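Observations on the three-dimensional arrangement
Okay, here's what each chain looks like letter by letter:
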Amino acid sequence: LAERTAVLLERGRAAGWRPRAAARLHTLSRSFEIARSRRVLVPALLLSLVVRICKYGSHYCLVLSLLMPLGYTIRQFGVLRVFLGSVAAEVAAALPVHGLAGFGTYEAAWTLTLEELGYPREHAVVSGLVAHVITQGVEYVLGGIGLALLFGSRTSSTGSSRWRRMPTPRNA
């Protein structure tokens, strides 16, 4: 699909954003081909799916832990509602019009979604803010641990690289 789109973008004007977009789509297509030929594409997609299920499951548990003391029950607070709130907040945080670390748009999308699903504004605001703070903290800690492991274990005691370099489209 990326390759076909790139070919369509190459037609027409030679200036502007189209050639750059076409080049990036060609690179993306070649990267997918490398991943597919090494048989890592499907495992990577499955791992990504597991990570997303864990992420949204933890959002659900977190929101329940925040709102159960306010009188909500598991029956009243469905999985789909928290999932919709989480997805709306993440999409809003991906927009180029937000504050530092996505604060502001994330909470606004979360609040609007939960309000539309029938929850009081106060509960939606508090759950959105606390959920965002906690998830950001966990993500930063896990990211830091990942970076420490990545850069701490790249070379053995002899200084030779233990990691096999994955070819990119430029050096494949």
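Residues numbered from 1 in each chain as written. Predicted model: local features only at pLDDT ≥ 70, side-chain atom pairs only at ≥ 80, totals over all residues. Heavy atoms only, no water.

**Side note on the packing of helix α3 (residues 41-67) against helix α6 (residues 121-152)**
Put simply, α3 and α6 touch, their axes get as near as 10 Å, and they point 130° apart. When the interaxial angle is binned, α3 and α6 end up oblique. The two elements α3 and α6 meet at a crossing, and its hand is right-handed. Here Lys-55, His-59, Leu-62, Leu-66 and Leu-67 of α3 lie close against α6, whose contacting residues are His-123, Ser-127, Val-130, Ala-131, Ile-134, Thr-135 and Glu-139. Looking at side-chain class alone, the contact of α3 with α6 contains six nonpolar, four polar and two charged residues. (Axes fitted to C-alpha atoms, helices over the stretch in contact; angles between N-to-C directions. Helix = DSSP H or I, 4+ residues; strand = E, 2+ residues; numbered from the N terminus. Parallel < 35°, antiparallel > 145°, perpendicular 65-115°, else oblique. Left-handed = near helix turned anticlockwise from the far one by under 90°. Contact = heavy atoms within 4.5 Å. Nonpolar A, V, L, I, M, F, W, Y, C, P; charged D, E, K, R; others polar.)

**Here's the deal with the nonpolar core**
Membership of the largest hydrophobic core comes to 15 residues, with the highest contact counts inside it found for Val-63, Phe-77 and Trp-110. Going through the elements one at a time, α3, α4 (79-93), α5 (105-116) and α6 are the ones with two or more residues in this core. With five residues, α3 is the single largest residue contributor to this core. If we ignore the near neighbours within four places in the chain, the residues touching Phe-77 are Tyr-60, Val-63, Leu-64, Leu-67, Tyr-72, Val-82 and Tyr-119. (Core = buried A, V, L, I, M, F, W, Y, C linked by side-chain atoms within 4.5 Å. Buried < 20%, exposed > 50% of the residue type's maximum accessible area, 1.4 Å probe, protein only.)

**Considerations on the environment of Ser-65**
Along the polypeptide, Ser-65 turns up in helix α3. For Ser-65, a relative accessible area of 44% gives the class partly exposed. The sequence separation of Ser-65 and Ser-127 amounts to 62 residues, and the corresponding C-alpha distance is 9.6 Å.

**Re unusual backbone geometry**
Glycine aside, residues mostly have negative phi angles, and peptide bonds mostly take the trans form. For Arg-39, which is not glycine, the phi torsion reads 60° and is therefore positive. With respect to the helices and strands, the residue Arg-39 is situated in the loop between α2 (17-37) and α3. Look at Arg-39 and you get exposed, because its relative accessible area is 72%.

**Details of the pattern of salt bridges**
In total, this model carries five salt bridges according to the counting rule given. Arg-52 is the partner of Glu-90 in a salt bridge, and the nearest nitrogen-oxygen pair spans 3.5 Å. Of this pair, Glu-90 sits in helix α4 while Arg-52 sits in helix α3, and the two are 38 residues apart along the sequence. A salt bridge links Glu-115 to Arg-121; its shortest N-O distance comes to 2.9 Å. Each of Arg-52, Lys-55, Glu-90 and Glu-139 takes part in a single network of salt bridges with overlapping partners. (Salt bridge = Lys/Arg side-chain N within 4 Å of Asp/Glu carboxyl O.)

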